[in-house]
Amino acid sequence: MRPAPRSTGSLRVAQVVSEVFGPAPLLTFALVQAGVGTAPRGVWTALLASLLIAVLPYAALILLARSGRVSGRFVSERRQRGPILACVLVSVLLGVSLLVWLGADARLLAVGIAAIIGLLVVTAVNLVWKLSIHAAIAAFVAILQFGSLPVALAAALLLVPIVVGWARVREGAHTTAQVIAGFGAGGAVFLAYLPILAALQG
């Protein structure tokens with residue numbers, strides 16, 4: 001039976017949301033935002049690091065999915081997640097090492113280190129379950145706005161992870177529980193980010 005137009009329309013919206021507010025765009029945004037207002041080369045440093053931390057891992061997943069080597073860009077088969085996430089971790093570590101080498105500002109470096117922590121957390125969980133990485137990163141980046149934007153605006157941006165969570169469930173990529181767990185992971189990474197930032201600034 002052909003799905004109703006409304007159902008098809010909502011699925012397309014969910015797919016667009018998952019792409020626009022996916023891990024790579026949101027991590028790139030967080031890094032660039034952290035680089036704004038720092039040293040003159042802060043934004044360029046953030047963009048360069050984001051290639052390794054966000055863009056290249058996502059591009060590699062797209063290529064692997066299109067070649068049929070993995071079960072889609074979001075790796076639905078559990079046995080494939082370990083090697084993929086390990087390769088992503090190497091790329092992220094290289095990106096953060098680049099930030100250190102370039103003498104990145106404390107806030108920018110703290111976001112990079114938070115990315116490592118977040119990846120370690122979701123890798124450990126996703127070896128046995130399927131926590132939503134989309135939800136985790138969306139939650140982390142949204143909470144991060146409370147240190148950058150007026151409270152009212154930052155609070156409004158909390159709608160982003162909610163919409164992302166809806167999209168992932170609507171696509172059938174995750175259950176509601178997996179999305180909620182992702183939100184929790186993102187919040188936990190933010191709590192880890194705060195003392196890291198304080199230590200780097202001190």
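Above this text sits the structure in question.
Residues numbered from 1 in each chain as written. Predicted model: local features only at pLDDT ≥ 70, side-chain atom pairs only at ≥ 80, totals over all residues. Heavy atoms only, no water.

Colleague: Lay out the packing of aromatic side chains with the relevant residues and their values.
Modeller: Across all of its chains, the model carries 2 aromatic pairs by this definition. Ring centres 6.0 Å apart and planes at 80 degrees place the aromatic pair Phe 140 and Tyr 193 in the edge-to-face group. With Phe 140 in helix H6 (residues 133–144) and Tyr 193 in helix H9 (residues 176–201), this pair connects stretches of sequence that are 53 residues apart. For Phe 140, a relative accessible area of 6% translates into the label buried. Residue Tyr 193 is classed as buried on the basis of its relative accessible area of 3%. A network of ring pairs unites the aromatic residues Phe 140, Phe 190 and Tyr 193 as a single cluster. (Phe/Tyr/Trp six-rings, centres within 6.5 Å; stacked < 30°, edge-to-face > 60°. Helix = DSSP H or I, 4+ residues; strand = E, 2+ residues; numbered from the N terminus. Buried < 20%, exposed > 50% of the residue type's maximum accessible area, 1.4 Å probe, protein only.)

Colleague: Explain the environment of Ser 132 residue by residue, including any values.
Modeller: Of note, Ser 132 is situated in the loop between helix H5 (106–126) and H6. Taking the C-alpha atoms as reference, Ser 132 lies 7.2 Å from Ala 181; in sequence the two are 49 residues apart. Not counting chain neighbours up to four residues away, the residues in contact with Ser 132 comprise Arg 168, His 174, Gln 178, Val 179 and Gly 182. (Contact = heavy atoms within 4.5 Å.)

Colleague: Describe helix H8 (residues 159–170), with residues and values.
Modeller: Taking 1.5 Å as the rise per residue, H8 with 12 residues should run 16 Å; its terminal C-alpha atoms sit 16 Å apart, in good agreement. Directly after H8, the chain includes Gly 172, whose backbone phi takes a positive value near 80 degrees. (Expected span 1.5 Å × (residues − 1).)

Colleague: Talk me through the nonpolar core; I want residue IDs and the actual numbers.
Modeller: In terms of nonpolar packing, the biggest core is built from 45 residues, with Ile 53, Val 92, Phe 140 and Tyr 193 touching the most fellow members. When residues in this core are grouped by element, the largest group, 10 residues, is from H5. Those residues within four positions of Val 92 in sequence are excluded, and the remaining contacts are Leu 52, Ile 53, Ala 115, Ile 116 and Leu 119. (Core = buried A, V, L, I, M, F, W, Y, C linked by side-chain atoms within 4.5 Å.)

Colleague: A description of the pattern of salt bridges should follow, citing residues and the corresponding values.
Modeller: Counted by the stated rule, this structure contains 1 salt bridge. Across the salt bridge formed by Glu 171 and Arg 168, the nearest N and O atoms sit 2.8 Å from each other. According to the relative accessible area criterion, Glu 171 is partly exposed, its value standing at 26%. (Salt bridge = Lys/Arg side-chain N within 4 Å of Asp/Glu carboxyl O.)

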